[in-house]
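Fold and contact review
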Amino acid sequence: MRMTQSFIYTTKETPKDAELKSHQYLLRAGYIQQVGAGIYNLLPLGFEVLENIKSVIREQMNASGASELSLGFVTPASLWQKSGRFEKYGKELLRFKDRKDQDFVLGPTHEEAIVECVKGRVKSYKQLPLNLYQIHLKFRDELRARFGLIRGREFVMKDAYSFHSSYEDLDREFALMEKTYREIFDSLGVEYAVVEADSGAIGGSGSKEFMLLADCGEDTLLVCKDCGYASNIEAGKRKKKDYPQSTQAPAEISTPSLKSIDELSLALNIPAYHILKCVAKGVRMQEGESKVAIFFINGADELEETKAYNAISKIKSSALELYDISAQELESKGYCVGFMGLGCKGDFVVFDEEICEGGVYLSGANKSDTHAYIKVDSMAHRADLVAVQEGDACPCCGKPLMHKKGIEVGHIFKLGEKYSAPMGATFLDVNGKAQNFIMGCYGIGVSRLISAIAEQKSDERGLVWESGIAPYECMIMISNIKNDSQREIGERLYKKLKKDGVKVLLDDRDERFGAKMTDFELLGIPVGYLIGRSLEEGKVEKIYRKEMRKELIDLAQILGE
Ligand code: ATP
Ligand code: MG
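Please read these numbers as outputs of a predicted model, since none were measured by experiment. (Residues numbered from 1 in each chain as written. Chains lettered and ligands numbered in written order. Predicted model: local features only at pLDDT ≥ 70, side-chain atom pairs only at ≥ 80, totals over all residues. Heavy atoms only, no water.)

Bringing the site of ligand 1 into the picture now. Neighbouring residues of ligand 1: 14 residues in total, closest Arg-140, Glu-142, Arg-151, Gly-152 and Glu-408. Take Ile-150: an N or O atom from its main chain is 3.4 Å from a nitrogen atom of ligand 1. In this structure, an oxygen atom belonging to ligand 1 sits 2.7 Å away from a side-chain N or O atom of Glu-408. Starting from 580 Å² of accessible surface for ligand 1 in isolation, the protein chains cover 81%. Those elements giving two or more residues to the shell around ligand 1 turn out to be strand S8 (154-164) and strand S21 (402-416). Looking at the shell around ligand 1 element by element, the count peaks at four residues for S21. A per-class count over the shell around ligand 1 returns five nonpolar, four polar and five charged. (Near = heavy atom within 4 Å. Polar contact = N/O pair within 3.5 Å; in protein donor to acceptor, adjacent residues only side chain to side chain. Areas by Shrake-Rupley, 256 points an atom, 1.4 Å probe, with all protein chains shown as cover. Helix = DSSP H or I, 4+ residues; strand = E, 2+ residues; numbered from the N terminus. Nonpolar A, V, L, I, M, F, W, Y, C, P; charged D, E, K, R; others polar.)

Following this line, the structure appears as structure tokens:
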């Protein structure tokens, strides 16, 4: 491609609202263009990168035996009503009506669509297993679309769905997909971690995430350097903490204006772990009204919100989400904010598993300016609610855990019969009996990867792509376009590389040399050939973008003469 014929435009100005360097560079180098909140055009350079990432994914998915298809982006709501998600899925699901007043959704994920596609076609266990995937658009009306392509509203996902006649066979495919994903992310040349992930109310170890390691990542990971344990904090475990028990006798004490754990611990000179932390959250219910959930955890711990939600949804499956409830809302419901504690009545009350039955804790006494040492003797609901902290002991080997930040770029999940059962999707087993399909699903954030890779691989000058992902493998820069011999050699090299099948960009613009170099650095193309002053000695300068290493190459050698 000749720069003078291309749609490549770079800018010097750092765009407003672009916090991350990946976002800034992708905008400045003309890879992407914002259309609306969380909606982007991929310009030719961005499109090339997307296609390259797709090819890597496709190659490995096909090698694993999966087949590619393409499902409708606009999905009839009737499918989502069958699975129950039309009502349950939050505002991220864009619902709309057509001219005939029929309900539709823009697919944020396609479990319903694939079940409907396979149902009735695959009739016998003999046609299983099956793995179907697509690389297609998704729409999620994200509350906080940000970071360029990392959290978009419209984005490209690779989503695969597998169908099995037994749970053992699902386990086999899950392991195969993990291996396939490792190959994909290895080929992309990124630094990543595979972590245990939240499996929702189902629980168990049926979910793993692929996290690209980056400081800007929205996910917190727990990593054990010693034994390799790695988990998303949402599902993270730790070795049970053995907090020494309080020996206080049960008694009420006056604690005017002492509301927080820190204030209490300091004023009463007791460790935080002798205090019972009471966290109230609002729960939005499918039925329409909202309820109050009370979580009791150790005063030295923090509540992990995903675990907290899972605990509630296990008690009542129509709980849609937790929200931060205001002091006013709590007060209007009769709660004594700041002094809530054991005995306070919530619609849901859950204790952390590490709260000791029969132990004495300082707790709010549910009346103003008062706390009490109380014995915990009945806990109706218990669950792991704790956000594991850095330094807590690894659940596998006991060594201290570390926190890392990651961007979720892939997720593999054992669905079991979650969709096939409500949608009545069955096959006939060996005995001729109808059974629900046993399913797995496997996602990769394809457009997110463009930004995530750019974040991990860029430097202070601009983007740095690995070859294979880069929009062009090399770029020829003619230092002075008015110099006839420079122009002639540049053209010859361009034609030679193109003939050899190399994806090459020729900077044939009438621009200053400095501007060309700056653009080369910003665009992140792996190799540059500079046709400039060294031509007088019969040489061309080859520049490796990653290290900015330069070497002189004989003209004859590079032109293959
Ligand atoms: P997140 O926790 O980041 O919101 P998710 O767990 O909701 O993601 P999945 O439903 O697991 O996402 O979707 C599969 C993959 O799609 C994710 O691993 C991620 O890489 C990508 N993805 C999800 N949401 C977005 C988005 N808003 N923009 C771009 N990519 C996304
Ligand atoms: Mg996910």
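Another aspect to go through is the sheet that holds strand S16 (residues 319-323). Taking strand neighbours across the sheet as the criterion, the five strands line up as S16-S14-S15-S17-S20 in an open arrangement whose pairing is mixed. One side of each edge strand has no neighbouring strand; the edge strands of this open sheet are S16 and strand S20 (381-383). Pairs of neighbouring strands in the sheet enclose a mean axial angle of 35°, with direction left out of account. Note: strand S14 (residues 276-285) against strand S15 (residues 290-298), nine bridges, orientation antiparallel. Each residue of the ladder has a partner; that of Cys-278, found in S15, is Phe-296. The strands touched by helix H8 (residues 305-315) within the sheet are S14, S15, S16, strand S17 (348-352) and S20, with S16 carrying the most contacts at an inclination of about 145°. (Pairing = 2+ DSSP bridges. Axes fitted to C-alpha atoms, helices over the stretch in contact; angles between N-to-C directions. Contact = heavy atoms within 4.5 Å.)

Bringing the packing of helix H2 (residues 44-63) against helix H6 (residues 167-187) into the picture now. Here H2 crosses H6 at 150°, and the two axes come no closer than 9 Å. With respect to their mutual orientation, H2 and H6 come out roughly antiparallel. The interaxial crossing formed by H2 with H6 has right-handed handedness. Touching Val-56, Ile-57, Gln-60 and Met-61 of H2 are Met-177, Thr-180, Tyr-181, Glu-183, Ile-184 and Ser-187, all from H6. Considering only residue class, the contact of H2 with H6 consists of six nonpolar, three polar and one charged. (Parallel < 35°, antiparallel > 145°, perpendicular 65-115°, else oblique. Left-handed = near helix turned anticlockwise from the far one by under 90°.)

Right, let's get into the domain arrangement of the protein chain. Entries for the protein chain in the domain assignment read domain 1 (12-237 + 402-456), domain 2 (251-383) and domain 3 (474-558). Each of domain 2 and domain 3 has a C-alpha centre, and the two are 66 Å apart. (Domains from an automatic or database assignment.)

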